[in-house]
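Structural overview for review
Here are the chains, one letter per residue:
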Amino acid sequence: MKGKLIKTYSGGQPAPEGIYLKKRAWDLTQLPEGGGHLPDDGAVYYRVPLAVVMVLGPIAGLAFILFLPVAVMVFAVQMTFRLLFGLLPWRRASREEEKASPAR
């Protein structure tokens, strides 16, 4: 089934107009009407049908919109706890230096 819907092209190869996915970077490249050459970066490109892009594009956008606020909050809480409890590497190093130096 994949062979019929999605064709594979190499970077730098001439290709017909359409939307191409570079799997390594999850990057979409669009070739204009009349076709052209794909970017010559040694990657493999997959031609994706327009219907698939129209369905999966908004779903990917929605996932990004929902995930980003959660990721920011998790990162902020993690950094706050690390800052409060001295788990940051540069604070750990300074504490070890204080312990190693003789008391005056």
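**Quick word on the side chain of lysine 22**
The residue lysine 22 is located in strand 3 (residues 18–22) in this model. When its relative accessible area of 16% is taken as the criterion, lysine 22 is described as buried. Of note is the side chain of lysine 22, whose polar atom sits 2.9 Å from the side chain of aspartate 41.

**Brief notes about the side chain of threonine 29**
Inspection of the secondary structure assignment puts threonine 29 in strand 4 (residues 27–31). For threonine 29, the residues in contact, after removing those within four places along its chain, are Gly18, Ile19, Tyr20, Pro39 and Tyr45.

**Overview of the environment of tyrosine 45**
Structurally, the position occupied by tyrosine 45 is in strand 6 (residues 44–48). Those residues in contact with tyrosine 45 that sit more than four places away from it in its chain are Lys7, Thr8, Tyr9, Ser10, Gly11, Tyr20, Leu21, Lys22, Thr29, Leu38 and Pro39. At 3.2 Å, the side chain of tyrosine 45 and the side chain of aspartate 41 are in polar contact.

**Re the pairing of strand 4**
Alignment of strand 3 against strand 4, held across 5 bridges, turns out to be antiparallel. Within strand 4, the residue paired with tyrosine 20 across the bridge is threonine 29. From the end of strand 3 to the start of strand 4, which pair antiparallel, there are 4 residues, and tryptophan 26 there has a positive phi angle of about 50°.

Parameters at a glance
Residues numbered from 1 in each chain as written. Predicted model: local features only at pLDDT ≥ 70, side-chain atom pairs only at ≥ 80, totals over all residues. Heavy atoms only, no water. Helix = DSSP H or I, 4+ residues; strand = E, 2+ residues; numbered from the N terminus. Buried < 20%, exposed > 50% of the residue type's maximum accessible area, 1.4 Å probe, protein only. Polar contact = N/O pair within 3.5 Å; in protein donor to acceptor, adjacent residues only side chain to side chain. Contact = heavy atoms within 4.5 Å. Pairing = 2+ DSSP bridges.

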